[in-house]
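Residue-level structure breakdown
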Amino acid sequence: MNSGLLHDPGFFSAHNSDQHPENVHRLSMLGNLGFGSFVGPRPATDAELQAVHSPGHLQTITAQCLNGGGFLDPDTYCCPESEIVARAASGGLIDLCFGVLDGVFANGLALIRPPGHHATADQAMGFCLYNHIAVAAAALKNRGVSRLAIVDFDVHHGNGTQDIFYEDDSVLYLSSHQYPHYPGTGSTGEIGRGKGVGFTLNHHLEAGSGDDELLAGYQNHLLPRLAEFKPEFVLVSAGFDGHADDPLAGLNTTTAGYRQLVDLLIQEAGQWCEGKIVFVLEGGYNPRALADCLGETMAALQVGSSE
Ligand SMILES: [Zn+2]
């Protein structure tokens, strides 16, 4: 069975501000995309987005784009086409995940922009407009997935995703991130609320730490919780901005280190849920490093799909 790959020229060319680190050049060094089976973008419906976002949030983003764009917060810009691009990323991701759930694809990778994991139910922030991975998780829950894991290895804490599922015991949120760092959330004391207690787990990485610390964090802290949970589906917020060459943060993860982590997560999905895993691009702001890491991720997924 093939892997599924969500991409579209719109994710590579639209929603751009050259003065901002989250711009179209991020994906400019990707090589051959002759990987797996192509999945196209598709506008998410209002109902799909409102499974995690408030109607007011959709109205805010739409109104700002209709008014020509601008900054939604000091970090987060939008252009006239940004709402369309973000909505297409969320919808395409749902289709990719359903393809994996239904056995059309072995696993998947979504090369989408803008990123999503900082967007909360009613706020755009940290370059993120819609929280694609949360939208996809909600759609999978609607399809009957009752134990869903979201693993977030972006260098920044995915405050939006954590917040959206904070009281939910059907979604396990596991995050490794530089701490303290933007956005300031993700302390080890944040473990969920109500019936969600124990379904959020945060792992801190100190500035300057590298592959060994990252991999040990997964092996000793996060993956044992995943094994206990026994997910039916794994979604990954794959941000590569902890790379040593990335300009935005202070970790020293190498491309080889990311490959090892990606391999580990694919192995876990193989053990718990017949390899049902979808990687969703979040951060990564050095185009060369990002292209290398995504190339490794594609290679790892192809190995995973043939096992
Ligand atoms: Zn990030």
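Above this text is the structure in question.
To start, this report covers the structure provided alongside it. (Residues numbered from 1 in each chain as written. Predicted model: local features only at pLDDT ≥ 70, side-chain atom pairs only at ≥ 80, totals over all residues. Heavy atoms only, no water.)

Quick look at the overall build of the chain
Looking only at helices and strands, the chain has 9 helices and 10 strands in total. Whereas a compact globule of 307 residues would reach a radius of gyration of roughly 19 Å, the chain reaches 17 Å, a difference of no more than 12%. Only carbon and sulfur atoms are counted for the fraction: they give 51% of the accessible area of the chain, which is about 10900 Å². The chain carries 14 positive and 35 negative side-chain charges, and their two centres are separated by 8 Å. (Helix = DSSP H or I, 4+ residues; strand = E, 2+ residues; numbered from the N terminus. Rg over C-alpha atoms; globule rule 2.2 N^0.38 Å. Areas by Shrake-Rupley, 256 points an atom, 1.4 Å probe, with all protein chains shown as cover. Lys, Arg positive; Asp, Glu negative; His and termini not counted. Charge placed at Lys NZ, Arg CZ, Asp CG, Glu CD.)

Here we look at the pattern of salt bridges
Applying the stated criterion across every chain, the model contains 16 salt bridges. Ionic pairing is found between arginine 87 and glutamate 83, a salt bridge with its closest N-O pair at 2.9 Å. Pair noted here: arginine 87 and glutamate 83 are both in helix 4 (residues 82-101), with a separation of 4 residues, about one helical turn. The residues arginine 87 and glutamate 83 share a single accessibility class, namely buried. Residue glutamate 232 pairs with arginine 147 through a salt bridge whose shortest N-O separation is 3.3 Å. (Salt bridge = Lys/Arg side-chain N within 4 Å of Asp/Glu carboxyl O. Buried < 20%, exposed > 50% of the residue type's maximum accessible area, 1.4 Å probe, protein only.)

So, the nonpolar core
Counting residues in each nonpolar core, the largest one holds 46 residues, and the members touching the most others are Phe153, Tyr218, Leu265, Phe279 and Leu294. Elements supplying a minimum of two residues to this core: strand 6 (148-152), strand 7 (171-178), strand 8 (200-205), helix 7 (211-229), strand 9 (233-238), helix 8 (255-272), strand 10 (277-281) and helix 9 (287-305). The residues contacting phenylalanine 153, other than those within four sequence positions of it, are Ser176, Tyr218, Val236, Ser237, Ala238, Gly239, Phe240, Tyr258, Leu261, Val262, Leu265 and Phe279. Phe11, Ala86, Val135 and Val171 belong to the second-largest nonpolar core, a separate cluster that totals 45 residues. (Core = buried A, V, L, I, M, F, W, Y, C linked by side-chain atoms within 4.5 Å. Contact = heavy atoms within 4.5 Å.)

As for empty space enclosed by the protein
Across all of its chains, the model carries 1 cavity of 30 Å³ or more by this definition. When its volume is computed, the largest cavity comes out at roughly 40 Å³. Lining the largest cavity, in full, are Phe153, Asp154, Val155, Ser176, His177, Leu205, Leu214, Gly242, Leu251, Thr253 and Tyr258. (1 Å grid on protein atoms, 1.4 Å probe; cavity = no way out; pocket = protein on both sides within 12 Å on 5 of 7 lines; lining within 4 Å. Points joined across faces, edges and corners; volume = space filled by probe spheres on them.)

A few points about the coordination of the zinc ion
In the first shell of the zinc ion, the protein supplies Asp154 (OD), Asp154 (OD), His156 (ND1) and Asp241 (OD), at 2.0 to 2.7 Å from the metal. For the zinc ion, the 4 donor atoms are set out with angles of 53 to 153 degrees between them, so the coordination reads as irregular. On the primary sequence, the residues serving as donors to the zinc ion are separated as D-x1-H-x84-D. Of the two residues, aspartate 154 sits in the loop between strand 6 and helix 6 (159-164) while aspartate 241 sits in the loop between strand 9 and helix 8, which places them 87 residues apart along the sequence. By relative accessible area, which is 1% here, aspartate 241 ends up buried. (Donors = N, O, S within 2.8 Å, 3.2 Å for Na, K, Ca; no water. Tetrahedral: all angles 85-135°; square planar, octahedral: opposite > 155°, others 65-115°.)

Examining the packing of helix 7 against helix 8
Direction vectors running N to C along helix 7 and helix 8 enclose 15 degrees, while the axes themselves pass 10 Å from each other. It follows from the interaxial angle that helix 7 and helix 8 lie roughly parallel. Helix 7 and helix 8 meet at a crossing whose hand is right-handed. Where helix 7 abuts helix 8, its residues Asp211, Leu214, Leu215, Tyr218, Gln219, Leu223, Leu226 and Ala227 lie against Gly257, Gln260, Leu261, Leu264, Leu265, Glu268 and Trp272. (Axes fitted to C-alpha atoms, helices over the stretch in contact; angles between N-to-C directions. Parallel < 35°, antiparallel > 145°, perpendicular 65-115°, else oblique. Left-handed = near helix turned anticlockwise from the far one by under 90°.)

Things to note about helix 5 (residues 132-142)
Judged by how many residues are buried, helix 5 sits mostly within the fold: 9 of 11 residues are covered. Of all the positions in helix 5, only His132, Ile133, Ala134, Val135, Ala136, Ala137, Ala138, Ala139 and Leu140 are classed as buried. Lining the buried residues of helix 5 we find helix 2 (46-49), helix 4, strand 6, helix 6, strand 9 and strand 10. Downstream of helix 5 by one or two residues, glycine 144 has phi in the positive range, about 105 degrees.

Some points on the pairing of strand 10
Judged by how many residues are buried, strand 10 sits mostly within the fold: 5 of 5 residues are covered. Side chains Ile277, Phe279 and Leu281 of strand 10 all project onto a buried face; the interleaved residues Val278 and Val280 project onto the opposite face, where all are buried too.

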